[in-house]
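# Topology and contacts: notes
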Amino acid sequence: MAPVPIFPIKVGHIDDVQELRKTKPTTIPERYVRDQTERPTLATTLLSSSSSPTDDIHIPIINLSKLMKANNNTTTADEFHTEIVNLTTACQEWGFFQVVNHGIDLSLLESIEMVAKDFFMLPLEEKQKYPMAPGTVQGYGQAFVFSENQKLDWCNMFALGVEPHYIRNPKLWPSKPADFSETLESYSREVRKLCQNLLRYIAVSLGLKEDVFEEMFGVAVQAVRMNYYPPCSRPDLVMGLSPHSDGSALTILQQGKGSSVGLQILKDNTWVPVQPIPNALVINIGDTIEVLSNGKYKSVEHRAVTHKEKDRLSIVTFYAPSYEIEIGPMTELVDDVNNPCKYRRYNHGEYSKYYVTNKLQGKKTLDFAKIQVTNSS
Ligand code: OGA
Ligand code: NI
């Protein structure tokens, strides 16, 4: 979880974005100002109109209670099947969906949001007791910064490894707010169950045995990252979180109540905003499921943008296999005629290390696993 950089990393001075915001700068510091082509318009090319009607496009919604048929006698086989088909479409065409009736107590969602917000609102000196060292991914600060000239995201992050226990760095678990650790423990336990359930249905939707991922993953790795995006006077110039795909198997994202709309996913070359649904959780397929499904399900590129007046909080859980296991396309999903193998086999720990020691840059990290189609002519 916290790889030691091989050579010293010089990242220069990194301003704390919340502190920066307090000074209400009239111009945005250069390190946050994106080059023209990287600014957050919705169209991916500067030529197309930026006023595309993406507000009307919604990512799919999955009703988990229709899938939890074992505990729910009210769901018929037909309803179950229909929801599995919805899940297949969501994973295949979007890589993202929102899950409702997910079974996690709303009071727990509220509590985690509260402790996260309370943490970010602490004085800087307090938060800096838990610093994210350059080149590492746990603690308070900015992750994925590896050089002095890299552009920075308009975001403060607080990230912790949660499971298994050996990835924890207890020194980084904050003593304030007082109920932070206890709340994170309960929340993580519930989110873990949700991930296990979702992976079961994702396996079914791929025509695989339902416990295939659970058996394969070993003791799954779980980490949490809380992202706080202060308002920005020039949201057109900065990025809240650089475009990337997640290195996980699954990612569960909770958007803070009253937050601005900020998450966007890349669909058919257009950035589509994810409109929050109260109490729903946003799920996305990570790189690991893309590889295991031999590309049938895509780990979709996404990013976060900022808002002129509103702040935004997201609480993100990454769920991934144990570091020891080997990953590669499931043999059931590969055939020489229609589904040639697209990814090589690799050790998941090596991929994780590769992921966290590279800056976020769209889907580039997954080149690590891609079998390059060589042009023989
Ligand atoms: C992430 C992520 C998006 C958001 O943390 O990996 O994609 O809306 N976050 O905060
Ligand atoms: Ni992400």
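Residues numbered from 1 in each chain as written. Chains lettered and ligands numbered in written order. Predicted model: local features only at pLDDT ≥ 70, side-chain atom pairs only at ≥ 80, totals over all residues. Heavy atoms only, no water.

Under an unreviewed UniProt entry, the name given to the protein is Fe2OG dioxygenase domain-containing protein, and the organism recorded is Dipteronia sinensis. Checking UniProt for the protein, the heading Sequence similarities (unreviewed entry) contains the comment "Belongs to the iron/ascorbate-dependent oxidoreductase family." (UniProt positions renumbered as here; feature names shortened; annotations may be inferred.)

Take helix H2 (residues 77–94) next. Spacing of three or four residues puts side chains on the same side of an α-helix, whose turn is 3.6 residues. With 18 residues, H2 ought to run about 26 Å at 1.5 Å a step, and its terminal C-alpha atoms sit 25 Å apart, in line with that. Three or more residues of H2 are buried, namely Phe80, Glu83, Ile84, Leu87, Thr88, Ala90, Cys91 and Trp94. Taken together, the buried residues of H2 touch strand S1 (61–63), strand S2 (96–100), helix H5 (180–205), strand S8 (263–267) and strand S10 (281–285). Count one or two residues on from H2 and you reach Gly95, which has phi positive near 70°. (Helix = DSSP H or I, 4+ residues; strand = E, 2+ residues; numbered from the N terminus. Expected span 1.5 Å × (residues − 1). Buried < 20%, exposed > 50% of the residue type's maximum accessible area, 1.4 Å probe, protein only. Contact = heavy atoms within 4.5 Å.)

This part covers the coordination of the nickel ion (ligand 2). Within the protein, the nickel ion (ligand 2) binds to His244 (NE2), Asp246 (OD) and His302 (NE2); these donor distances fall in the range 2.1 to 2.2 Å. Considered as a linear motif, the donors of the nickel ion (ligand 2) on their single chain read H-x1-D-x55-H. (Donors = N, O, S within 2.8 Å, 3.2 Å for Na, K, Ca; no water.)

Below, the discussion takes up the packing of H2 against H5. When two helices pack together, you describe them by how their axes are tilted relative to each other and by the distance separating the axes. At a minimum axis separation of 9 Å, H2 and H5 run at an interaxial angle of 90°. On the basis of their axis angle, the class for H2 and H5 is roughly perpendicular. Of the residues in H5, those in contact with Phe80, Ile84, Leu87, Thr88 and Cys91 of H2 are Tyr201, Ile202, Val204 and Ser205. Looking at the contact of H2 with H5 residue by residue, the class counts come to seven nonpolar, two polar and no charged. (Axes fitted to C-alpha atoms, helices over the stretch in contact; angles between N-to-C directions. Parallel < 35°, antiparallel > 145°, perpendicular 65-115°, else oblique. Nonpolar A, V, L, I, M, F, W, Y, C, P; charged D, E, K, R; others polar.)

Where S8 and strand S9 (residues 270–273) come together, four bridges link them in antiparallel fashion. Residue pairing across strands places Leu266 opposite Trp271, the latter belonging to S9. Between the antiparallel neighbours S8 and S9 lie two residues, among them Asp268 with a positive phi of about 45°. (Pairing = 2+ DSSP bridges.)

By the secondary structure assignment, Phe368 is in the segment after helix H8 (348–356). Judged by relative accessible area, which is 16%, Phe368 ranks as buried. Spatially, the C-alpha atom of Phe368 lies 7.5 Å from that of Tyr351, the residues being 17 residues apart in sequence. In contact with Phe368, other than residues within four places in its own chain, are Arg344, Tyr346, Glu350, Tyr351 and Tyr354.

This paragraph deals with the sheet that holds strand S5 (residues 221–229). Strand order in the open sheet made by the eight strands is S1-S2-S10-S7-S12-S5-S4-S3, with mixed pairing throughout. For this open sheet the edge positions go to S1 and strand S3 (139–141), each flanked by a neighbour on one side alone. Between one strand axis and the next, the sheet turns by 25° as a mean value, whatever way the strands run. Alignment of S5 against strand S12 (residues 312–320), held across nine bridges, turns out to be antiparallel. By the bridge assignment, Val224 is partnered in S12 with Thr317. The strands touched by helix H3 (residues 106–120) within the sheet are S3, strand S4 (156–163), S5, strand S7 (250–255), S10 and S12, with S12 carrying the most contacts at an inclination of about 115°.

Looking along a regular strand, one sees side chains alternate from face to face of the sheet. The element S12 is largely enclosed, with a buried count of nine among its nine residues. Residues Arg312, Ser314, Val316, Phe318 and Ala320 line one face of S12 and the alternating positions Leu313, Ile315, Thr317 and Tyr319 line the opposite face, and both faces are buried. Pairing between S7 and S12: six bridges, direction antiparallel. Looking at S12, one finds that Gln254 is bridged to Ile315.

Turning our eyes to something else, we now look at the site of ligand 1. Lining the immediate environment of ligand 1, one finds 13 residues, of which Arg225, Tyr229, His302, Arg312 and Ser314 sit closest. A distance of 3.2 Å separates an oxygen atom of ligand 1 from a polar side-chain atom of Asn227. The pocket occupied by ligand 1, as judged from atoms lying within 2 Å of grid points, is the largest cavity. Elements with a contribution of two residues or more to the shell around ligand 1: S5, strand S6 (241–244) and S12. (Near = heavy atom within 4 Å. Polar contact = N/O pair within 3.5 Å; in protein donor to acceptor, adjacent residues only side chain to side chain. 1 Å grid on protein atoms, 1.4 Å probe; cavity = no way out; pocket = protein on both sides within 12 Å on 5 of 7 lines; lining within 4 Å. Sits in = over half its atoms within 2 Å of the grid points.)

The step from Glu163 to Pro164 runs through a cis peptide bond, and the omega angle for that step is -15°. Topologically, Pro164 is positioned in the loop between S4 and H5. The peptide bond linking Lys176 to Pro177 adopts the cis configuration, its omega dihedral lying at -10°. Checked against the element boundaries, Pro177 lands in the loop between S4 and H5. Even without a glycine there, the phi angle at Asp268 is positive, about 45°. Mapped onto the elements of the fold, Asp268 is located in the loop between S8 and S9. A positive phi angle, near 55°, is found at Asn294, a position not held by glycine. Along the chain, Asn294 falls in the loop between helix H7 (287–292) and strand S11 (302–304).

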